[in-house]
Amino acid sequence: MEQFDRSHLLDIFRHATRLRHLPRSAQRKRLPGQILATVFYEPSTRTRLSFESAMVRLGGAVLSVENANESSSATKGESIEDTARMLQGYADVIAMRHPEPGMPERASRVVDVPVINAGDGAREHPTQALLDLYTIQHELGQIDDLHIAIVGDLKYGRAPRSLAMLLRETRGTQVTFLAPPTVPVGADITSALTEAGVSFREASSFDAIAGADVIYQTRIQRERFADQASYEKSRGYYVIDQTVMDGLKRESIVLHPLPRVDEIDPAIDEDPRAAYFRQAENGVYVRMALLDELLG
Ligand code: NCD
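Residues numbered from 1 in each chain as written. Predicted model: local features only at pLDDT ≥ 70, side-chain atom pairs only at ≥ 80, totals over all residues. Heavy atoms only, no water.

Draft legend 1. Geometry of the packing of aromatic side chains. A full pass over the atoms with the stated rule returns 7 aromatic pairs. Geometrically, the ring pair formed by Phe225 and Tyr231 is edge-to-face, given 5.8 Å between the ring centres and 65° between the ring planes. Ring geometry for Tyr276 against Phe277: centres 5.3 Å apart, planes inclined by 65°, an arrangement best described as edge-to-face. The structure contains a cluster of three or more aromatic residues connected by ring pairs, namely Tyr156, Phe225 and Tyr231. (Phe/Tyr/Trp six-rings, centres within 6.5 Å; stacked < 30°, edge-to-face > 60°.)

Put into structure tokens, the structure is as follows:
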């Protein structure tokens, strides 16, 4: 998240919108012959497929290792460095997801091709944060002077952590964190916000976010808990249903990086404020902008 300052962000967003509105035939002329390798050591649907869709739309090609944890040479004990060195002979850019924090960065140190972090454990998910903020701009017409509520698993959730970090580049933002007591926002995030002068508070009920412009709901990250019992203690706390929606502003939006489990009632999907499927589509345009910036 440290790599993106405000002007770079705004550039990426402008570029994403430009690419989104190009005819397919013109999109395809951007990166013909270039190759993206998606190497995912953790499950994914949206992130991997939207990276791949982005590359294909730009006229490039894709090599994909889906369950790299089971199907790649990692199972034989190959180091991430060796895997990366080999991949750079096959592809012009690598998008990597790994359960261990810092692995994509380690890979990037030994290769000359760009490595994009597609999620590293409970640490960061930068391209998700970019598409989240892009969605806010696209839906509300601004990224500044907003009240943004970040809800759910703020301890293990790399998506909400990354979004909070990115909000340092916005102005006049007010953040409210709403997390079950077992998975509160980390001190690394709150001190980064304090240092950047972003105003935030921690709340313990939906009442505190009734006036929010953006409600960013997230999944409790079951796979990061030591055992099922501690997971059970954290789930079902803050569920967005019709009653919660009735308490929100009419011009607000509800976002979620997806997948959702039980933290948003599907009954509200038809509410125009439920923007999470539009948000998922935006992932393609933002990733097109990133790939085009790196390779174009
Ligand atoms: C998120 C992730 O993988 O961190 N999903 C995604 O990329 N859209 C959120 C999650 O898994 O809860």
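Draft legend 2. Representation of the pairing of strand E5 (residues 147-151) in the model. Across the 5 residues that make up E5, a large majority, 5, are buried. Burial along E5 is two-sided: the residues His147, Ala149 and Val151 and Ile148 and Ile150 are all buried. Sheet topology places E5 next to strand E6 (residues 174-178); 5 bridges connect them, and they run parallel. Note on E6: the bridge partner recorded for Ile148 is Val175. With respect to chirality, the unit in which E5 leads through helix H8 (residues 158-166) into the neighbouring parallel E6 is right-handed. (Buried < 20%, exposed > 50% of the residue type's maximum accessible area, 1.4 Å probe, protein only. Helix = DSSP H or I, 4+ residues; strand = E, 2+ residues; numbered from the N terminus. Pairing = 2+ DSSP bridges. Right-handed = clockwise from strand over helix to strand, strands pointing away.)

Draft legend 3. Fine view of the pattern of salt bridges. On inspection of all chains with the given rule, the structure shows 20 salt bridges. Between Asp292 and Arg30 there is a salt bridge whose closest N-O contact spans 2.8 Å. With Asp292 in helix H12 (residues 276-295) and Arg30 in the loop between helix H2 (24-27) and strand E1 (35-40), the pair connects residues that are 262 residues apart, well separated along the chain. We classify Arg30 as partly exposed; its relative accessible area is 38%. Taking the shortest distance from any N to any O, the salt bridge between Glu105 and Arg123 comes out at 3.8 Å. Placement of the pair is Glu105 in helix H6 (residues 103-109) and Arg123 in the loop between strand E4 (115-120) and helix H7 (126-140), with a sequence separation of 18 residues. Residue Glu105 is classed as partly exposed on the basis of its relative accessible area of 40%. Salt bridges sharing common partners tie together Glu105, Arg109, Asp120 and Arg123. (Salt bridge = Lys/Arg side-chain N within 4 Å of Asp/Glu carboxyl O.)

Draft legend 4. Molecular detail of a nonpolar patch on the surface. On the surface, a cluster of nonpolar side chains totalling about 270 Å² of accessible area is made up of Leu63, Met86 and Tyr90. Tracing the chain through its elements places Met86 in helix H5 (residues 80-87). Looking at Met86, the relative accessible area reads 32%, which means it is partly exposed. (Patch = residues over 30% accessible without salt bridge, like charges linked within 9 Å, V, L, I, M, F, W, Y side chains within 5 Å. Areas by Shrake-Rupley, 256 points an atom, 1.4 Å probe, with all protein chains shown as cover.)

Draft legend 5. Region of interest: the site of the ligand. Around the ligand, the neighbouring residues are Arg46, Thr47, Arg97, His125, Gln128, Arg158, Arg219, Gln221, Pro257, Leu258 and Pro259. Here a nitrogen atom of the ligand and a backbone polar atom of Pro257 are 2.9 Å apart. Here the ligand has 320 Å² of accessible area as a free molecule, and 93% of this is covered by the chains. Partitioning the shell around the ligand into residue classes produces 3 nonpolar, 4 polar and 4 charged. (Near = heavy atom within 4 Å. Polar contact = N/O pair within 3.5 Å; in protein donor to acceptor, adjacent residues only side chain to side chain. Nonpolar A, V, L, I, M, F, W, Y, C, P; charged D, E, K, R; others polar.)

Draft legend 6. Structural detail: unusual backbone geometry. A cis amide bond, omega 5°, links Leu258 with the succeeding residue Pro259. If you trace the backbone, Pro259 turns up in the loop between strand E9 (253-255) and H12. In the Ramachandran plot, Asp145 falls in the positive-phi region, its phi being about 55° despite a non-glycine side chain. Look at Asp145 and you get exposed, because its relative accessible area is 56%.

Draft legend 7. How the structure looks around the domain arrangement of the chain. By the assigned domains, the chain splits into domain 1 (6-123 + 282-295) and domain 2 (126-280). The C-alpha centroid of domain 2 is placed 25 Å from the C-alpha centroid of domain 1. At the interface, 27 residues of domain 1 touch 27 residues of domain 2. Roughly 2,300 Å² of surface becomes buried between domain 1 and domain 2 when both sides are summed, with 53% attributable to carbon and sulfur atoms. The salt bridge partner of Arg6 is Asp144, with a shortest N-O separation of 2.7 Å. For the pair domain 1 and domain 2, the interface holds 18 residue pairs in polar contact (both at pLDDT 80 or more). Per-element tally for the side of domain 1 that touches domain 2: the top contributor is helix H1 (residues 6-21), with 8 residues. (Domains from an automatic or database assignment. Contact = heavy atoms within 4.5 Å. Buried area = accessible area lost by both parts, 1.4 Å probe.)

Draft legend 8. Quick peek at the sheet that holds E6. Strand order in this open sheet of 5 strands is E7-E6-E5-E8-E9, and the pairing throughout is parallel. Each of the sheet's edge strands pairs with one partner strand only, and the pair in question is strand E7 (199-203) and E9. Neighbouring strand axes in the sheet, compared pairwise and without regard to direction, differ in orientation by 20° on average. Pairing geometry for strand E8 (residues 214-217) and E9, over 3 bridges, is parallel. Paired with Ile215 across the two strands is Val254, which belongs to E9. (Axes fitted to C-alpha atoms, helices over the stretch in contact; angles between N-to-C directions.)

Draft legend 9. Inspection of the sheet that holds strand E2 (residues 61-65) at higher detail. With parallel pairing, 4 strands are arranged side by side in an open sheet as E2-E1-E3-E4. Because the sheet does not close on itself, it has two edges, and the strands there are E2 and E4. Adjacent strand axes in the sheet meet at a mean angle of 15° when their direction is disregarded. Bridge count between E1 and E2: 5 bridges; the pairing is parallel. Paired with Leu36 across the strands is Val62, a residue of E2. Sitting on the sheet, helix H3 (residues 46-57) touches E1, E2, strand E3 (93-98) and E4, and the angle it makes with E1 is about 175°.

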